[in-house]
Amino acid sequence: MTSKSSKEVLELVKSSTTGLTEQEAHQRLVRDGENKLAEKKKTPIIVKFFKQFADAMIIILLVAAAISFGVAIVEKNPKEFIEPALILLIVVINAVMGVVQENKAEKALEALKKLSSGHTRVIRDGVEKVIESSQVVVGDIIVLEAGDFVPADARLIKSMNLKSEESALTGESVPSEKDASVICEQNAPLGDRKNMIYSGCSISYGTCVAVVTATGMNTEVGKIAGMLNTQEKNDTPLQKQLAKTAKFLSFIVL
């Protein structure tokens with residue numbers, strides 16, 4: 001889309017400067033789905049809780065507690081139950097804290113998604129109206145100004161002194177300048193696509209009119225989310241070193 005003029009892009013997505021009709025927008029929404037990022041299935045709390053015990057040191061503590069309980073039962077000494085009870089208490093508290101931290105992280109992500117969803121101004125049937133960002137479809141004409149979140153990937157049609165905050169995608173610390181009249185190379189890096197704006201970013205300065213070219217999981221941020229959802233969890237170097245240390249300590253303890 002970056003190597004084509006705005007007129008060519010409008011033809012490709014079968015739209016016009018007057019926007020889609022409500023009927024066409026509804027058909028595309030049914031065909032492509034809502035403009036949302038797919039979410040991974042949530043893990044039940046009970047599963048999260050038991051996952052906290054999948055650690056070498058925790059297993060050793062549980063074995064130690066079991067042995068201590070056995071000794072206490074054999075000796076029939078009530079005082080011997082204190083040590084294993086304390087071990088179990090520590091292990092359970094550790095597991096509960098782990099679950100709480102995971103839930104806090106999930107809630108924080110959900111809050112961020114709600115903040116970035118909001119509403120968007122679009123032109124449909126030649127009339128400007130406000131709709132939920134989740135209802136935006138490919139071909140919609142969106143109108144944005146400073147402070148607005150970009151609801152989907154879009155090719156600029158008109159722009160005036162436009163700058164977009166794209167640090168989430170490009171890592172650049174300053175807003176990127178945008179210009180609807182620019183024609184970029186076909187495989188230009190993301191940060192050099194001056195005629196495009198992207199979902200999840202924001203308009204920091206100026207105004208623009210753009211035509212949506214991708215929504216939901218087909219956006220640039222959606223592709224990143226897709227890779228994160230499908231990628232297997234990899235431990236960090238620190239976690240790998242801690243795992244080795246735990247195994248070594250386990251051997252010493254045994």
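Residues numbered from 1 in each chain as written. Predicted model: local features only at pLDDT ≥ 70, side-chain atom pairs only at ≥ 80, totals over all residues. Heavy atoms only, no water.

Draft legend 1. Just the pattern of salt bridges, in detail. For the structure shown, the criterion picks out twelve salt bridges. As a salt-bridge pair, Glu34 and Lys36 come within 3.2 Å of each other at their nearest N and O atoms. Across the pair Arg124 and Asp140 runs a salt bridge whose closest N-O atoms are separated by 2.8 Å. Residue Arg124 is located in strand β1 (residues 119–124), and its partner Asp140 is located in the loop between β2 (127–132) and β3 (141–145); the two are separated by 16 residues in the primary sequence. (Salt bridge = Lys/Arg side-chain N within 4 Å of Asp/Glu carboxyl O. Helix = DSSP H or I, 4+ residues; strand = E, 2+ residues; numbered from the N terminus.)

Draft legend 2. How the structure looks around the pairing of strand β4 (residues 153–165). Of the strand pairs in this sheet, β4 and strand β7 (residues 202–214) are connected by ten bridges, and their pairing is antiparallel. If you follow Arg155 over to β7, its bridge partner there is Val211. One ladder, built from two bridges, connects β4 with strand β6 (residues 196–197); its direction is antiparallel. When the bridges of β6 are listed, Arg155 appears paired with Met196. (Pairing = 2+ DSSP bridges.)

Draft legend 3. Spotlight on unusual backbone geometry. A positive phi angle is found at Asp125, which is not glycine, with a value near 55°. Along the chain, Asp125 falls in the loop between β1 and β2. For Asn161, which is not glycine, the phi dihedral falls at a positive 50°. Its location among the elements puts Asn161 in strand β4. By relative accessible area, Asn161 is classed as exposed at 56%. (Buried < 20%, exposed > 50% of the residue type's maximum accessible area, 1.4 Å probe, protein only.)

Draft legend 4. Representation of helix α2 (residues 22–32) within the structure. Among all positions in α2, only Ala25, Arg28 and Leu29 are buried. Along the long axis of α2, the arc covered by the buried residues comes to 105°, so they all point the same way. Exposed side chains of α2 directed beyond 90 degrees from the buried face belong to Gln23, His26, Val30 and Arg31. Those residues of α2 hidden inside the fold are in contact with β1. Within two residues after α2, Gly33 carries a phi angle of roughly 85°, on the positive side. (Arc of directions from axis to C-beta. Contact = heavy atoms within 4.5 Å.)

Draft legend 5. Quick peek at the nonpolar core. Judged by nonpolar contacts, the single largest core of 16 residues is most densely connected at Ile142, Leu144, Leu156 and Ile197. Of all the secondary structure elements, the ones that give two or more residues to this core are β3, β4 and β7. When residues in this core are grouped by element, the largest group, four residues, is from β7. With near-sequence residues (within four places) excluded, Leu156 lies in contact with Ser6, Leu162, Lys178, Asp179, Ala180, Lys194, Asn195, Met196, Ile197, Cys208, Val209 and Ala210. Within the second largest apolar cluster, nine residues are counted, among which are Leu10, Ile123, Val143 and Val211. (Core = buried A, V, L, I, M, F, W, Y, C linked by side-chain atoms within 4.5 Å.)

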